[in-house]
Amino acid sequence: MRRSRTRRNLLIATAAAVVAAWAVLYVVVITTAPLSYDPASESAAKVNREFALLLAVPTALWVIAALLLVDRWWSRTGVRLAATDPPGRLLAVAVAALPSHRREWGVAMHAELAEIGGRSARWRFALSSTRAMLRMPPVGGWTVLALTAAVVVAVVAAAGPAAQAAAPGLGVFSVTFVALVGAMVVVAVARLRRPPGRVPAETVVVAGVVAAAVVMTVIFLLRDPAAARYLPAANAVFLAVVLAGCLWIAVAAPRSRGAGRVAPFIGIAAGVVWVGGQLLLMRAASVEPPVESPAQNLVDMVAAIWVMLGHAGVFFVPALVAGWIGRSFRSGLQAGIWAVVATLPLNYAVWLHEALGLYATHGGLLWFGDGAPEGENLSLVVSWGLRIIPLVGIPFAVIGAAIGPYAARPVVPGSPAGASARSPARR
Amino acid sequence: MNGLRRPSAQTTAMVRALAEEPTAWRYGSELCQRLDLTPGSLYPILIWLADRGLLETTWDTGAPSDRPPRHRYRLSGIGRALAAELAATPARRPQPKVRWQGA
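What comes next is a walk through the structure. (Residues numbered from 1 in each chain as written. Chains lettered and ligands numbered in written order. Predicted model: local features only at pLDDT ≥ 70, side-chain atom pairs only at ≥ 80, totals over all residues. Heavy atoms only, no water.)

Quick word on the overall build of chain B
When you go through chain B residue by residue, the secondary structure sums to four helices and three strands. Reading the secondary structure of chain B in the N-to-C direction produces α-β-α-α-β-β-α. Each of the 103 residues in chain B was classed as buried or not, and the buried ones make up 42%. Put simply, of all contacts in chain B between residues at least 6 apart along the chain, 67% involve residues at least 24 apart. In the form shown here, chain B has an accessible surface area of approximately 5,300 Å², with 49% of it arising from carbon and sulfur atoms. (Helix = DSSP H or I, 4+ residues; strand = E, 2+ residues; numbered from the N terminus. Buried < 20%, exposed > 50% of the residue type's maximum accessible area, 1.4 Å probe, protein only. Contact = heavy atoms within 4.5 Å. Areas by Shrake-Rupley, 256 points an atom, 1.4 Å probe, with all protein chains shown as cover.)

Here's what the structure looks like:
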């Protein structure tokens, strides 16, 4: 009874936090970048009201996604945590943060806590054990870690001026990206037991796509140095965080076995199909001189739908399919995450590539018409490709992952498949 | 000393305590009480010993169903050899604080 009340309160708090976050976003937008309107026919209050109604859609999607995630987390982990006291929870969190080859020791300390009686004694044991876990030495030793960190700091310090000298506007992006990748290397040295052997194919693919995105940024700024003003520091940092984040997930994501093994490939394939389709439609829609024909109108309409609504599908479909194949929410979520980390940098790189080509031949912006400087493509792809698309699309990955297992054929109890299968609601 | 640096006073005390009944498995909390060490000091020593093959570890699967399996420890063959070497040398005064001795 108490646990179900805790779960309900947790879900209410989650929904409230998501709504509050979107409300803050709304207030920030209407105060810092007021929406433009025609004073003759509209008022500020009216456009703000319409904007609020527009934001209600993604807000509702994020609330649903957050509730699904928290509910799954509660059924797997939260209910166990709720059954223990605060010292037990502290140790459980510390154990979860340990690298896999040291986790056995954390579990050992957690098990010993069960033998300790008395609140203050349990707190002392938990705090002291947590200290031991925090001080566990890296396998290579502190010296190797310190040397690695020193090399990373030196590379970061050199990257900024070198990049800025090569292409104006590249300095902030380079420093941030190299610093984040360097941090990834330091964490890897601290946590890995041995150098990784074979690098998984899905990691290679996403790393290649992230590299392509970085290269296209450099090419774009070299080809049009004036474009630097369309990559202000905030956007440069955001771009670096997104690209490094995609790389980080591709390197560090936990791997599934069995049916869930295909989830990353399903996600990547969905991203390739969506971006590839967009590329074809983009080229088909931008014929010069413009042609007025039913076929061309159809192509334009399909291109618009593909671009405007496709990002919901590119995350929803792989999550649904992988959840269905793997019969688990986890598989679906993995496919959705891999779709995100493959789609964002791929779409970004292709967008910049096509924008350069289109501007050279037609003098217009990609998707957003004529009469603007070429560099504006850079701010558009960051805003649309890296902000709007994930903001609207990611909840669909969670929703697809939740539906997928239920779409799978029911397992007959007693059958060979049923012997190993569990309820999708608990996986 | 098996190519190892001389262990700290607490590590030496731990090895000696484990060597008293070398075949007996010991629990972490039991060793904490016996050596008057906190887990924050005890477990780094156990990990240091285990990383060097001086300690055997196993999970006690005979725990009550409402309790998680506990980790148990005893000296390995080379751990016992180290204990014999330490027994042959005079004991040092315990230092006030245990520190990591490298991985």
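Here's the deal with the interface of chain A and chain B
Facing the 21 residues of chain A at the interface are 26 residues of chain B. Together chain A and chain B conceal approximately 2,000 Å² of surface at their shared face, both sides included; 64% is due to carbon and sulfur atoms. The largest share of the area that chain A buries against chain B comes from Trp 105, Glu 112 and Arg 135 of chain A, three residues that together contribute 31% of it. Where chain A touches chain B, the interface holds four salt bridges. Among the ionic pairs, Glu 115 of chain A bridges to Arg 70 of chain B, the shortest N-O distance being 3.6 Å. One can count eight residue pairs in polar contact (both at pLDDT 80 or more) joining chain A with chain B. (Buried area = accessible area lost by both parts, 1.4 Å probe. Salt bridge = Lys/Arg side-chain N within 4 Å of Asp/Glu carboxyl O. Polar contact = N/O pair within 3.5 Å; in protein donor to acceptor, adjacent residues only side chain to side chain.)

Some words on the layout of surface pockets
Leftover empty space is mapped by rolling, across the atoms, a probe with the size of a water molecule. Residues and elements named next belong to chain A. Of the voids in this model, the second largest pocket is the one considered here, and its volume is about 810 Å³. Lining the second largest pocket are 23 residues, with Leu 55, Pro 58, Ile 388, Leu 391 and Val 392 positioned closest to its centre. When residues of the lining of the second largest pocket are traced back to their parent elements, those giving at least two are α1 (2–32), α2 (44–82), α11 (294–326) and α13 (376–407). The class makeup of the residues in the lining of the second largest pocket is 20 nonpolar, two polar and one charged. (1 Å grid on protein atoms, 1.4 Å probe; cavity = no way out; pocket = protein on both sides within 12 Å on 5 of 7 lines; lining within 4 Å. Points joined across faces, edges and corners; volume = space filled by probe spheres on them. Nonpolar A, V, L, I, M, F, W, Y, C, P; charged D, E, K, R; others polar.)

Observations concerning helix α9 (residues 233–252) of chain A
Side chains three or four residues apart in an α-helix point the same way, a direct result of the helix having 3.6 residues per turn. The terminal C-alpha atoms of α9 of chain A lie 28 Å apart, and with 20 residues this matches the ideal 28 Å at 1.5 Å per residue to within 8%. Taken as a whole, α9 of chain A has its buried residues at Asn 235, Ala 236, Leu 239, Ala 240, Val 242, Leu 243, Ala 244, Cys 246, Leu 247 and Ala 250 of chain A. (Expected span 1.5 Å × (residues − 1).)

Comments concerning the sheet that holds strand β3 (residues 70–75) of chain B
Residue and element names in this part refer to chain B. The antiparallel open sheet is built from three strands, whose spatial order is β1-β3-β2. Two strands close off the open sheet at either side, each with one partner strand: β1 (26–27) and β2 (55–60). Pairing analysis gives six bridges linking β2 to β3, with the strands arranged antiparallel. Looking across to β3, one finds that Asp 60 is bridged to Arg 70. Along the sheet, helix α1 (residues 9–20) contacts β1, β2 and β3; its crossing angle with β3, the most-contacted strand, is approximately 90°. (Pairing = 2+ DSSP bridges. Axes fitted to C-alpha atoms, helices over the stretch in contact; angles between N-to-C directions.)

Observations concerning the packing of helix α7 (residues 171–191) of chain A against α9 of chain A
All names here are of chain A. Two elements in contact, α7 and α9, have axes separated by 8 Å at closest approach and are oriented at 30°. Classified by the angle between their axes, α7 and α9 sit roughly parallel to one another. The handedness of the crossing between α7 and α9 is right-handed. Contacts from Val 172, Phe 173, Thr 176, Phe 177, Leu 180, Val 181, Ala 183, Met 184 and Val 187 of α7 reach α9 at Ala 233, Ala 236, Val 237, Leu 239, Ala 240, Val 241, Leu 243, Ala 244, Leu 247 and Trp 248. Per-class residue counts for the contact of α7 with α9 are 18 nonpolar, one polar and no charged. (Parallel < 35°, antiparallel > 145°, perpendicular 65-115°, else oblique. Left-handed = near helix turned anticlockwise from the far one by under 90°.)

Considering the nonpolar core
Phe 173, Phe 177, Val 206, Leu 221, Leu 243, Tyr 348 and Leu 378 of chain A are the most contacted members of the largest nonpolar core, which totals 57 residues. Elements that contribute at least two residues to this core include exactly α7, α8 (201–223), α9, α10 (263–285), α11, α12 (329–361) and α13 of chain A. When residues in this core are grouped by element, the largest group, 14 residues, is from α12 of chain A. Every residue in contact with Leu 243 of chain A, bar those within four places of it in the chain, is listed here: Phe 173, Phe 177, Val 210, Ala 213, Val 214 and Pro 345 of chain A. Grouped together as the second largest cluster of nonpolar side chains are 34 residues, Ala 94 of chain A together with Val 15, Leu 42 and Leu 55 of chain B included. (Core = buried A, V, L, I, M, F, W, Y, C linked by side-chain atoms within 4.5 Å.)

Remarks on unusual backbone geometry
The backbone of Arg 327 of chain A shows a phi angle near 50°, a positive value even though the residue is not glycine. Tracing the chain through its elements places Arg 327 of chain A in the loop between α11 and α12. We classify Arg 327 of chain A as partly exposed; its relative accessible area is 25%. In this structure, Asp 36 of chain B takes a positive phi of about 55° despite not being glycine. Along the polypeptide, Asp 36 of chain B turns up in the loop between α2 (28–35) and α3 (39–51).

Topic: the environment of Pro 318 of chain A
Here Pro 318 of chain A shows up in helix α11. With near-sequence residues (within four places) excluded, Pro 318 of chain A lies in contact with Ile 266, Gly 267, Ala 270, Gly 313, Ala 335 and Ala 339 of chain A.

Digging into the packing of α8 of chain A against α9 of chain A
Helix packing for two helices is described by the angle between their axes and how far apart those axes are. Residues and elements named next belong to chain A. For the pair α8 and α9, the least separation of the axes is 8 Å and the interaxial angle reads 165°. Compared by their axis directions, α8 and α9 come out roughly antiparallel. For the pair α8 and α9, the sense of crossing is left-handed. Residues Thr 203, Val 206, Ala 207, Val 210, Ala 213, Val 214 and Thr 217 of α8 lie in contact with α9, whose contacting residues are Leu 239, Leu 243, Cys 246, Leu 247, Ala 250 and Val 251. Per-class residue counts for the contact of α8 with α9 are eleven nonpolar, two polar and no charged.

Notes on the packing of aromatic side chains
Scanning the model with the defined rule gives three aromatic pairs over all chains in all. Ring centres of Tyr 26 of chain A and Phe 51 of chain A lie 5.7 Å apart, and the angle between their planes is 25°; on these two criteria the pair is classed as stacked. Of this pair, Tyr 26 of chain A sits in helix α1 while Phe 51 of chain A sits in helix α2, and the two are 25 residues apart along the sequence. The residues Tyr 26 of chain A and Phe 51 of chain A share a single accessibility class, namely buried. Ring centres of Trp 105 of chain A and Tyr 73 of chain B lie 5.7 Å apart, and the angle between their planes is 0°; this geometry places the pair in the stacked category. Of the two residues, Trp 105 of chain A is situated in helix α4 (residues 103–113) and Tyr 73 of chain B in strand β3; the pairing between them involves two chains. Each member of the pair Trp 105 of chain A and Tyr 73 of chain B is classed as buried. One Lys or Arg, Arg 70 of chain B, reaches over the ring of Tyr 27 of chain B and ends 3.7 Å from the middle of that ring. (Phe/Tyr/Trp six-rings, centres within 6.5 Å; stacked < 30°, edge-to-face > 60°. Lys NZ or Arg CZ within 6 Å of the ring centre and 35° of its normal.)

What about the pattern of salt bridges?
The final tally for this structure, using the stated rule, is twelve salt bridges over all chains. Asp 51 of chain B serves as the salt-bridge partner of Arg 102 of chain A, at 2.8 Å between the closest nitrogen and oxygen. Remark: Asp 51 of chain B occurs in helix α3 and Arg 102 of chain A occurs in the loop between α3 (86–96) and α4; the pair is interchain, linking two chains. Accessibility expressed as a relative area gives 5% for Arg 102 of chain A, which makes it buried. On the accessibility criterion, Asp 51 of chain B (38% relative accessible area) is partly exposed. Arg 26 of chain B serves as the salt-bridge partner of Glu 21 of chain B, at 3.5 Å between the closest nitrogen and oxygen. Given the relative accessible area of 8%, Arg 26 of chain B is considered buried.

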